[in-house]
Amino acid sequence: MKIEISKRYMGEQLVSFISFTNRNDFKVTFCSLGASIYAIYMKSKYGYRENIIMTPKEDEFFLSSEAYYGKIIGRTSGRISDASFTIDGVKYNIENNKDTDVILHGGKDKFSNIIFDYEVYEEDNKSYIIFKGYSKDGASGYPGAIDFKITYTLYDDMDDVLIDYHATTTKKTVLNLTNHAYFNLSGDFKRSILEHNLLIKASRFIELDNKMLPICIRNVTETMDFREGKRIGLDINDPYLQNHAAEGYDHPWIFDDQNYEICNASLSDPLSGRQVDVYTTYPSIVVYSNNYPTFRPMIDKENVDKKNDAICLECQFIPNGINVDCDEDKAILDVGEVYHQMTRYSFKIKENKFYE
Ligand code: G6D
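Right, let's walk through the structure included here.

Taken in spatial order, the 9 strands of this open sheet run β11-β12-β13-β14-β28-β24-β23-β18-β21, and their pairing is antiparallel. A strand with exactly one partner marks an edge of an open sheet, and here the two such strands are β11 (117-123) and β21 (230-231). Note that strand β24 (residues 274-280) and strand β28 (residues 339-349) share 7 bridges and pair antiparallel. The residue bridging Gln275 from the neighbouring strand is Lys348, located in β28.

This brings us to the site of the ligand. Taken together, Glu66, Ala67, Tyr68, Arg79, Leu104, His105, His180, Tyr182, Met212, Asp250, Tyr288 and Tyr292 form the complete shell of residues around the ligand. Within the side chain of Arg79, one N or O atom sits 2.9 Å away from an oxygen atom of the ligand. Side-chain polar atom of His105 to an oxygen atom of the ligand: 2.7 Å apart, as the coordinates give it. A total of 290 Å² of accessible area belongs to the ligand in isolation, and the protein chains cover 92% of it. Split into classes, the residues belonging to the shell around the ligand amount to 7 nonpolar, 2 polar and 3 charged.

Okay, the pairing of strand β2 (residues 13-21) next. Within β2, 7 of the 9 residues are buried, which leaves it mostly tucked inside the rest of the structure. With 9 bridges joining them, strand β1 (residues 2-10) and β2 adopt antiparallel strand pairing. The residue bridging Ile3 from the neighbouring strand is Phe20, located in β2. Hairpin connection between β1 and β2: a loop of 2 residues separates the two successive antiparallel strands, and Gly11 in this loop has a positive phi of roughly 65°. In terms of strand pairing, β2 meets strand β3 (residues 27-31) through 5 bridges, oriented antiparallel. Each bridged residue has a counterpart across the sheet, and for Phe20 the counterpart in β3 is Val28. Counted between consecutive antiparallel strands, the loop separating β2 from β3 contains 5 residues, among which Asp25 sits at a positive phi close to 70°.

Here we take up the sheet that holds strand β22 (residues 250-254). The 6 strands are arranged β17-β26-β25-β22-β19-β20 in an open sheet whose pairing can be described as antiparallel. Edge positions in the sheet fall to β17 (182-183) and β20 (214-219), since each of these pairs with one other strand and no more. Across 5 bridges, strand β19 (residues 204-208) lies against β20 in antiparallel orientation. From the neighbouring strand, Glu207 faces β20, where its bridge partner is Cys216.

The next thing to look at is the pairing of strand β25 (residues 284-288). Summarising burial for β25: 5 of the 5 residues are buried, a large majority. Here β25 shows two buried faces, one formed by Ser284, Val286 and Tyr288 and the other by Ile285 and Val287. Taken together, the 5 bridges between β22 and β25 define a ladder with antiparallel strand orientation. Across the sheet, the residue bridging to Asp250 is Tyr288, located in β25. In this structure, β25 lies alongside strand β26 (residues 311-316), joined through 5 bridges in antiparallel fashion. Paired with Ile285 across the two strands is Cys315, which belongs to β26.

Parameters at a glance
- Residues numbered from 1 in each chain as written.
- Predicted model: local features only at pLDDT ≥ 70, side-chain atom pairs only at ≥ 80, totals over all residues.
- Heavy atoms only, no water.
- Pairing = 2+ DSSP bridges.
- Helix = DSSP H or I, 4+ residues; strand = E, 2+ residues; numbered from the N terminus.
- Near = heavy atom within 4 Å.
- Polar contact = N/O pair within 3.5 Å; in protein donor to acceptor, adjacent residues only side chain to side chain.
- Areas by Shrake-Rupley, 256 points an atom, 1.4 Å probe, with all protein chains shown as cover.
- Nonpolar A, V, L, I, M, F, W, Y, C, P; charged D, E, K, R; others polar.
- Buried < 20%, exposed > 50% of the residue type's maximum accessible area, 1.4 Å probe, protein only.

Everything listed here is a matter of coordinates, which is why it stays silent on function.
Structure representation (structure tokens):
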């Protein structure tokens with residue numbers, strides 16, 4: 001594995017870029033800002049190595065954007081209603097960084113804004129980068145001091161990215177970590193993701209209200225059904241999606257079989273042959289089809305970020321579970337427990353013309 005590290009200032013912040021290139025010439029670049037996946041360069045079935053991760057070209061936008069490009073999300077992925085939750089009869093009010101009672105992706109002290117310390121090491125044919133973080137008791141109003149680390153594992157002989165989330169707390173709290181990478185498998189964003197195929201092995205999804213808050217768990221309708229895999233653009237113009245604040249897919253799906261050994265989601269682009277299979281210990285996935293584009297320039301992309309130019313596959317506990325009356329896991333972490341969740345993105349070429 002070839003490992004390259006560079007640093008530069010983004011504004012006043014010194015930020016590191018750490019790249020890993022394996023024997024297949026599969027290259028993953030991480031950034032210490034938000035412990036983020038900054039770029040992934042992957043070959044197509046024709047052998048062209050191109051970027052499949054959408055990231056802002058402008059440093060100040062990458063620093064400030066609330067589109068969370070590639071970033072680790074915490075303490076709580078998704079939205080928290082009424083800027084509060086109650087644990088064992090104690091109500092915690094969460095501080096926001098904007099004037100609304102809907103907390104998105106962790107509130108004022110969100111993890112996506114942290115510039116993380118990290119360490120890199122290799123063992124056998126694997127390489128690791130560990131981003132370590134600490135969130136003090138009461139940060140943004142969340143209870144408990146959180147010691148956490150995000151470990152990315154790369155493989156010299158496989159085009160996979162494994163994310164391990166580990167954390168402990170000093171008080172019973174809510175914790176729901178994910179990664180917010182924007183995928184587009186066409187290669188340097190030649191096409192939108194509407195022609196990509198998506199598979200989600202989930203018979204249930206969570207309906208959203210017009211504040212984008214989860215309101216109820218429902219069986220999938222035709223538009224929301226990806227159990228057999230289908231083209232993302234097939235049903236995305238359904239009024240159910242477009243005549244709603246979501247303006248596309250932005251929903252949690254609950255996997256039928258919550259099993260890390262099962263590929264519970266998969267994204268593929270027939271024209272390039274690229275595919276990413278998703279394995280996770282989490283019970284659900286939020287799929288966001290970039291319905292709120294930022295119209296800013298992106299790395300390796302000729303034009304600016306436009307609607308449906310990428311898609312996020314955010315494995316997590318169901319958003320706002322602590323406030324929703326349901327049987328699903330509410331992402332509560334207690335003292336003495338170890339938060340350990342994993343998500344593996346396994347990249348491959350279908351109609352393999354190159355690696356035979
Ligand atoms: C929008 O509703 C979506 C979120 O799901 C997404 O994470 C964010 O944009 C980047 O708020």
